[in-house]
Amino acid sequence: MSSHPALSPEAGERGSIAMAGLVRDTGEWAFDTDVVVVGSGGCGLTAAIAAAQGGVEVVVLEKQARPWSNTARSGGMVPAAGSRFQRAAGIIESPEAMAEDIFRKNGYASDREATLHLARTAPRLVEWLVDEVGVALVFIDDFKYPGHGEYRMHAPPSRTGAALVADLRRAVEAHPSAELITDAPAVGLVADDAGGVRGVVVARGGARERIRCRKVVLACNGFAANREMVARHCPEMVAALYFGGEGNTGEGIRWGQALGGAVAFMDAYQAHASVAVPHGILITYALITEGGIQVNAEGRRFADETRGYSEHALDVLRQPGGVAWDVYDDRLHRLGGQFDDYRQALEAGAVVRGETAAALADALGLPATALAATLEAYHAAADGARADPLGRHDCRRLAPPLYGVKVTGALFHTQGGLRVDADARVLREDGSPIPNLYAGGGVAAGLSGHGPGGYFSGNGLLTALGYGLLAGRHAARAIREGR
Ligand SMILES: Cc1cc2nc3c(=O)[nH]c(=O)nc-3n(C[C@H](O)[C@H](O)[C@H](O)COP(=O)(O)OP(=O)(O)OC[C@H]3O[C@@H](n4cnc5c(N)ncnc54)[C@H](O)[C@@H]3O)c2cc1C
């Protein structure tokens with residue numbers, strides 16, 4: 001094993017070479033390619049398409065036999081202020097205004113340049129996805145997530161990440177220079193004595209092979225499926241339901257660290273306050289932001305639901321039994337019907353209807369008198385008769401029939417990771433890039449500051465697809481230019 005500092009026992013999350021997954025370049029290779037992308041979620045597929053379009057050969061390695069990434073599980077909502085789709089909807093908004101919303105949510109903690117850069121990349125990204133990749137996206141102008149100053153989400157018509165991934169995967173598979181290999185986990189990086197990346201070790205068919213390449217893109221998400229890392233960095237979520245992909249075990253971050261890569265915001269994550277239990281189906285937060293409320297087992301509201309679904313997840317977990325009930329009316333029920341997840345929840349029997357508040361309380365097993373008092377107070381705030389005691393500003397009357405769903409708070413993904421530059425190259429502590437190594441999505445430091453409260457809807461796919469595009473384009477350009 002090399003004595004280079006990047007491979008030293010001190011490097012890496014666990015402080016050991018074996019766990020860091022670094023292997024020295026010994027010149028033995030199973031095959032060569034230009035770019036290896038680790039992970040076939042939104043970041044990996046985007047990077048692969050961008051690199052292949054840039055004229056280089058790409059191999060995507062995917063750990064899972066049947067990939068079910070976070071991107072596939074997501075709502076597929078990609079934020080972009082200033083896209084031509086937003087303009088066509090009559091909205092004139094600058095990327096800087098979107099960045100300002102992101103800053104406000106994370107308390108101005110995220111990296112200023114990275115946040116502005118990704119916000120400015122976003123309109124090009126969604127236009128490229130539609131025009132040059134063939135992804136079907138529509139502009140979402142019927143609901144806003146908390147803190148969004150304007151409508152700016154772009155999503156598949158089904159509002160599912162599965163459709164987004166299907167379109168991206170189709171583009172990868174159709175490209176003659178790109179190949180996706182599933183059931184093929186990357187298990188380490190091959191580095192030279194100078195700490196530059198030379199290849200990837202992959203486990204396939206019971207054997208380990210080394211693939212030599214010019215560039216590696218780490219697109220294997222964060223560490224939310226790694227309980228040990230969650231316990232260390234986000235301890236308040238270690239017992240919570242995890243609602244993301246099982247493949248996201250943090251090795252990409254550890255490999256980057258072992259090569260001297262700097263990390264940031266390791267305590268940041270996206271949680272969600274509205275996952276149906278016991279069904280395990282996401283209930284869109286649009287039901288809440290557009291007027292619905294959450295009550296606990298005592299029939300009482302317990303916090304301003306509209307600050308953000310991520311931090312509100314902790315409030316839900318603090319309630320008796322770690323659960324709450326979304327309560328909303330027919331207008332919101334119809335809004336929910338636009339989401340595949342919500343329709344699944346209906347089919348699964350997670351959504352309960354009551355012709356009156358008392359009937360709903362009865363059907364949900366909640367105290368009817370307390371629920372009636374909660375609704376009365378909420379309506380008084382909606383009418384302007386008195387301020388909402390929990391500080392909510394957009395209270396709205398809920399008209400019977402009413403609906404309810406029992407939900408819990410869940411961990412969706414982590415937002416901390418390797419520091420990267422404007423081309424998604426992984427940076428060392430001194431700001432210099434690690435040769436040939438890129439990272440995006442959950443592997444890279446996100447835009448959400450610290451903890452759960454800085455997560456702003458769209459930050460996940462913005463950093464996944466945005467850094468994927470930047471990494472793929474830069475990797476191809478550097479290879480073409482012989483760098
Ligand atoms: C339910 C849900 C809804 C969400 N909705 C939204 C939304 O609407 N908008 C938004 O912006 N964000 C949303 N998010 C967040 C968003 O999904 C993530 O931030 C984003 O998908 C991360 O993309 P990624 O490419 O980094 O990771 P992923 O999409 O998770 O892809 C990583 C892939 O890498 C693979 N992998 C891991 N390790 C290895 C390895 N060693 N070798 C090979 N492959 C490996 C994994 O199996 C996986 O397929 C949501 C998240 C969840 C859970």
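Residues numbered from 1 in each chain as written. Predicted model: local features only at pLDDT ≥ 70, side-chain atom pairs only at ≥ 80, totals over all residues. Heavy atoms only, no water.

**Considering the side chain of Thr-289**
Going by this rule: Strands here mean DSSP runs of E at least two residues long; helices mean DSSP runs of H or I at least four residues long; both are numbered from the N terminus. The cut-offs for exposure are 20% and 50% of the maximum accessible area for each residue type, with area from a 1.4 Å probe on protein chains only; residues under the lower value are buried, those over the upper are exposed, and the others partly exposed. The contact criterion used throughout is that any non-hydrogen atoms of two residues lie within 4.5 Å.
Tracing the chain through its elements places Thr-289 in helix H10 (residues 286–289). Judged by relative accessible area, Thr-289 falls into the buried class, the value being 7%. Ignoring sequence-local partners within four residues, the contact set of Thr-289 consists of Lys-144, Pro-146, Thr-306, Arg-392, Asp-394 and Arg-396.

**What about the site of the ligand?**
Operational definition: Each residue is tested against the molecule or strand, and it is near if at least one of its non-hydrogen atoms lies within 4 Å. Think of a polar contact as two N or O atoms within 3.5 Å of one another; within protein, one of them needs to be a possible hydrogen donor and the other a possible acceptor, and neighboring residues in sequence only count if both atoms come from side chains. Areas reported here follow the Shrake-Rupley algorithm with a probe of radius 1.4 Å; residue values treat only the protein chains shown as occluding. Polar here means any residue other than Ala, Val, Leu, Ile, Met, Phe, Trp, Tyr, Cys and Pro, which are nonpolar, and Asp, Glu, Lys and Arg, which are charged; Gly is therefore polar.
Surveying the vicinity of the ligand reveals 37 residues, the closest of which are Glu-62, Thr-71, Asn-221, Glu-251 and Leu-461. Contacts to the ligand include Asn-248, whose side-chain N or O atom sits 3.5 Å from an oxygen atom. Note that an oxygen atom of the ligand is positioned 2.7 Å from one of the backbone N or O atoms of Leu-461. Across the complex, the protein chains shield 98% of the 1000 Å² of accessible surface that the ligand would expose by itself. Among the secondary structure elements, those contributing two or more residues to the shell around the ligand are helix H2 (42–53), helix H3 (70–73), strand E20 (402–414) and helix H16 (459–480). Of the residues assigned to the shell around the ligand, the class counts are 13 nonpolar, 20 polar and 4 charged.

**Side note on the packing of H2 against H16**
Let me state the cut-off plainly: To obtain each axis, a line is fitted to C-alpha atoms, and for helices this fit is confined to the stretch in contact; angles are then taken between N-to-C directions over 0 to 180 degrees. Between 65 and 115 degrees an angle is taken as roughly perpendicular, under 35 as roughly parallel, over 145 as roughly antiparallel, and anywhere else as oblique. Crossing handedness is read from the near helix: turned anticlockwise from the far helix by less than a right angle, it gives a left-handed crossing, and turned clockwise, a right-handed one.
At a minimum axis distance of 7 Å, the contact between H2 and H16 shows a crossing angle of 30 degrees. Relative to H16, H2 is oriented roughly parallel. Where H2 crosses over H16, the two elements pack in a sense that is right-handed. Facing Gly-42, Cys-43, Thr-46, Ala-47, Ala-50 and Ala-51 of H2, the residues of H16 in contact are Ala-464, Leu-465, Gly-468, Leu-469, Gly-472, Arg-473 and Ala-476. Across the contact of H2 with H16, the residue classes tally to 8 nonpolar, 4 polar and 1 charged.

**Thoughts on the sheet that holds strand E22 (residues 425–427)**
Put simply, the rule reads: Here, a strand pair is defined by DSSP locating no fewer than two bridges between the strands.
Reading across the sheet, the 6 strands line up as E8-E4-E3-E12-E23-E22 and stay open at both edges, with mixed pairing between neighbours. One side of each edge strand has no neighbouring strand; the edge strands of this open sheet are strand E8 (178–181) and E22. Sheet twist, expressed as the mean angle between neighbouring strand axes with direction ignored, is 30 degrees. Of the pairings in the sheet, the one linking strand E4 (residues 58–61) to E8 comprises 4 bridges and is parallel in character. Residue pairing for E8: Val-60 is matched across the bridge by Leu-180.

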